[in-house]
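# Chain and residue survey
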Amino acid sequence: MSLCKHFKDPLMCLGIPGKLVEVHAQDDLPMGKVEFGGILKDVCLAYTPEAQVGDYVLVHVGFAISRIDEAEANEVFSLLKEMGDLSESEEEGSGFRVQGSALEPTVGVAVALPPPGIAAKTGGGSATATPTQPGNPSSPDPQALTPDP
Amino acid sequence: MKYVDEYRDAAGVRQLADAIRAATTQPWNIMEICGGQTHAIIRFGLDEMLPREITLIHGPGCPVCVTPIEIIDKAVAIAGRPGVIFCSFGDMLRVPGSQKDLFTVKSEGGDVRIVYSPMDAVALARKNPERQVVFFAVGFETTAPANAMAVAQAAKLALDNFSALVSHVLVPPAIRAVLSSPSNRVQGFLAAGHVCTVTGVSEYRPIAEQYRVPIVVTGFEPLDILQGVLMCVKQLEQGRHEVENQYARSVRLEGNLAALRQMAEVFQIVPRKWRGIGQIPASGLALRQSYAKYDAQRRFGVEHITAEEPAECIAGEVLQGHKKPHDCPAFGLRCTPERPLGAPMVSSEGACAAYYRYRKRGH
């Protein structure tokens, strides 16, 4: 993703995490400066009153809509580590070519397809329980968005 | 970039793909709702990493794609009026209307400006009191809080030269429409992580129960999408149909209450026509009566404009997952990003554009 391109030709459909580096008020609205890989943008913090300088926030069209929860952010990596510890399949993998350690877009890259059919189950190789969110939290007033009478 | 790059780790992607393969014992069709997810899947070839038993079906979560053609025509009509500064997110500029798009209006001399945030439009209205500033307020629930704030601010500042052309759409009614269709093949969903960041999951539980489909709220990076698929496949294999949250680093189950409150103050739920799909009840947002004076359709008298889609465009079939872009006879020939017949070919999140860019020929 090219940030320069995004901020020059902004799209509504991109939500990007950035670091809150400064807060101030403007016209009674809480505002902040958020840093995205070197680029600083003014962001409205009205919807993330809990965000403090140093936190990461998710920004869509100039508004922070959530504060990134660092513990939750690390969950998938704990899961992967558990899976890696259980499994011996270091070398098989699914047969696609990668460049360096980060996944690259497939344009112009020949992607070797995974072997057809379902691979034989390895003993104990599947992941442990994935994170779930049980419970029934209170939801906002269901009448809230109903049409005007 | 933190919270982005690490979710593209190739080794992690490979591990999750292997786990999905190990978990899969029969064919499953899973729909990813959001155009941003479709784009990531095609761009990184994530569907090709899955066992062939898993079919990913692209959903209607592209707000640019589903904005009704007559709204584009209304935007074009307003933007062409003298003295108007028409502000829009960049994605909307090349969406074809019946005659032309906003980019053409701009090239013909109209004052059409791309803005990053709806608050930029409010600022423009303050700076240019002698001009009418109109903001094109589109999107799903993700952008609704921002757009609501812009209208609320305009009202607070008593800006009589600001108005909004509103055409918001809501996701849960679209999911119900997909599931109610007689040709539906979708058995599980990856819900849109940023929509749910705003709305929470309360409206998805009744859908999961009523239609007995698992719904996994999922992010947008490769690890997110594959973990979401893994969680969905496990539910399907176990016969469960619950709402789960893969994107917990951003999504709280109750959603963003401050954002929902602001939306409820400014907007009301209305029936909405989805481009290519047709009218879906209670599926859109419009300004409440109390904010009627900021409604650009009223201010500029364009409420009466109606339009028909070009016959050859099968966007509706693509958006509901009944067809793939390659199934369209016009794909890549009479319909390209430079000269699109419909919206999914021009939107950055549209399925047709993603296929055109990353997967020109069938695979």
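Residues numbered from 1 in each chain as written. Chains lettered and ligands numbered in written order. Predicted model: local features only at pLDDT ≥ 70, side-chain atom pairs only at ≥ 80, totals over all residues.

## Focus: the overall build of chain B
Along its length, chain B carries 15 helices and 11 strands. Computed over its C-alpha atoms, the radius of gyration of chain B comes to 20 Å, within 12% of the 21 Å expected for a compact globule of 363 residues. Once the C-alpha set of chain B is aligned to its principal axes, its extents read approximately 65 × 45 × 40 Å. Within the span of chain B, comprising 363 residues, buried residues form 63% of the whole. Long-range contacts, defined here as pairs at least 24 residues apart, represent 78% of the contacts in chain B between residues at least 6 apart. (Helix = DSSP H or I, 4+ residues; strand = E, 2+ residues; numbered from the N terminus. Rg over C-alpha atoms; globule rule 2.2 N^0.38 Å. Buried ≥ 20, exposed ≤ 12 C-beta atoms within 10 Å, placed from the backbone. Contact = placed C-beta atoms within 7 Å.)

## A look at the overall build of chain A
A count of helical and extended segments in chain A gives two helices and five strands. For chain A, the sequential pattern of α-helices and β-strands runs α-β-β-β-β-β-α. When each of the 149 residues of chain A is scored for burial, the buried share is 28%. Counting only contacts in chain A whose residues sit at least 6 apart along the sequence, the fraction spanning at least 24 positions is 34%.

## Thoughts on the sheet that holds strand β6 (residues 162-169) of chain B
All names here are of chain B. Spatial strand order, β4-β3-β5-β6-β11-β10: six strands in an open sheet with mixed pairing. Every other strand in the sheet has two partners, leaving β4 (111-114) and β10 (267-274) as the edge strands with one partner each. Pairs of neighbouring strands in the sheet enclose a mean axial angle of 25 degrees, with direction left out of account. With two bridges joining them, β6 and strand β11 (residues 278-287) adopt antiparallel strand pairing. Residue pairing in the sheet places His168 in a bridge with Leu285 of β11. (Pairing = 2+ DSSP bridges. Axes fitted to C-alpha atoms, helices over the stretch in contact; angles between N-to-C directions.)

## Describing the domain arrangement of chain B
All names here are of chain B. Taken domain by domain, chain B holds domain 1 (5-62 + 171-245) and domain 2 (65-170 + 255-299). The C-alpha centroid of domain 2 is placed 30 Å from the C-alpha centroid of domain 1. At the junction of the two partners, domain 1 supplies 15 residues and domain 2 supplies 16 residues. Only β2 (54-61), α8 (171-180) and α9 (193-199) provide two or more residues apiece to the side of domain 1 that touches domain 2. For the side of domain 1 that touches domain 2, the class distribution of residues is nine nonpolar, six polar and no charged. (Domains from an automatic or database assignment. Nonpolar A, V, L, I, M, F, W, Y, C, P; charged D, E, K, R; others polar.)

## As for the sheet that holds strand β7 (residues 188-192) of chain B
Note on sheets: strands pair through backbone hydrogen bonds, and any given pair is parallel or antiparallel. Residues and elements named next belong to chain B. Pairing is parallel in the open sheet, where five strands are placed in the order β2-β1-β7-β8-β9. In this open sheet, the two edge strands, each paired with only one partner strand, are β2 and β9 (243-245). Sheet twist, expressed as the mean angle between neighbouring strand axes with direction ignored, is 25 degrees.

## Let's talk about the nonpolar core
Residue and element names in this part refer to chain B. Grouped together as the largest cluster of nonpolar side chains are 161 residues, with contacts concentrated most on Ile20 and Val229. The element best represented in this core is helix α11 (residues 222-238), accounting for nine residues. Residue contributions to this core reach at least three from each of two domains, namely domain 1 (5-62 + 171-245) and domain 2 (65-170 + 255-299). When neighbours within four sequence positions are excluded, Ile20 is seen to be in contact with Leu50, Pro51, Ile54, Leu226, Val229, Leu230 and Val233. (Core = buried A, V, L, I, M, F, W, Y, C linked by C-beta atoms within 7 Å.)

## Regarding the pairing of β2(B)
Residues and elements named next belong to chain B. With seven of eight residues buried, β2 is to be regarded as a mostly interior element. In the sheet, strand β1 (residues 28-34) pairs with β2 via six bridges, with the strands oriented parallel. In the sheet register, Ile30 faces β2, and the bridge partner there is Leu56. Handedness of the crossover is the feature at issue here: the chain leaves β1, passes through helix α2 (residues 35-44), returns alongside β2, and the resulting connection is right-handed. (Right-handed = clockwise from strand over helix to strand, strands pointing away.)

## Section: the pairing of strand β2 (residues 29-36) of chain A
All names here are of chain A. Here strand β1 (residues 15-26) runs beside β2; their pairing, made up of seven bridges, is antiparallel. Within the sheet, the bridge partner assigned to Val23 lies in β2 and is Gly32. The antiparallel pairing of β1 with β2 creates a hairpin that spans two residues between the two strands, and Asp27 there sits at a positive phi of about 50 degrees. Taken together, the six bridges between β2 and strand β3 (residues 39-44) define a ladder with antiparallel strand orientation. Residue pairing for β3: Lys33 is matched across the bridge by Asp42. Hairpin connection from β2 to β3: two residues lie between these consecutive antiparallel strands, with Gly37 at a positive phi of about 45 degrees.

## Digging into the environment of Thr197(B)
Structurally, the position occupied by Thr197(B) is in helix α9. In sequence terms Thr197(B) and Gly110(B) are 87 residues apart; their C-alpha atoms lie 36 Å from each other. Setting aside residues no more than four positions away along its own chain, Thr197(B) makes contact with Leu58(A), Ile65(A), Ser66(A), Ser250(B), Val251(B) and Asn256(B).

## Here we look at α11(B)
All names here are of chain B. Look at α11: 24 Å from first C-alpha to last across 17 residues, which is about the 24 Å you get at 1.5 Å a residue. Most of α11 sits out of view: 15 of its 17 residues are buried. Looking one or two residues past α11, Gly239 carries a phi angle of roughly 70 degrees, positive in sign. (Expected span 1.5 Å × (residues − 1).)

## So, the confidence of the model for chain A
All names here are of chain A. Summing up the model confidence of chain A, the mean pLDDT is 70 and the portion of residues at 70 or higher is 52%. The spread of mean pLDDT over the elements of chain A runs between helix α1 (residues 3-8), the lowest at 65, and strand β5 (residues 63-67), the highest at 97. The model gives residues 89-100 a pLDDT under 50, and that stretch makes 22 contacts with residues more than four places away or in other chains. In the predicted structure, residues 108-144 sits below a pLDDT of 50 and forms 62 contacts with residues beyond four places in sequence or in another chain. (pLDDT = per-residue confidence, 0-100.)

## Examining the packing of helix α1 (residues 10-23) of chain B against α11(B)
All names here are of chain B. As a packed pair, α1 and α11 sit with axes 9 Å apart at the nearest point and diverge in direction by 15 degrees. Classified by the angle between their axes, α1 and α11 sit roughly parallel to one another. Note that α1 runs across α11; the crossing there is left-handed. Only Pro222, Leu223, Leu226, Gln227, Val229, Leu230, Val233, Lys234 and Glu237 of α11 make contact with α1, whose side of the interface consists of Gly12, Val13, Leu16, Ala17, Ala19, Ile20 and Ala23. Along the lines of polarity and charge, the residues of the contact of α1 with α11 split into 12 nonpolar, two polar and two charged. (Parallel < 35°, antiparallel > 145°, perpendicular 65-115°, else oblique. Left-handed = near helix turned anticlockwise from the far one by under 90°.)

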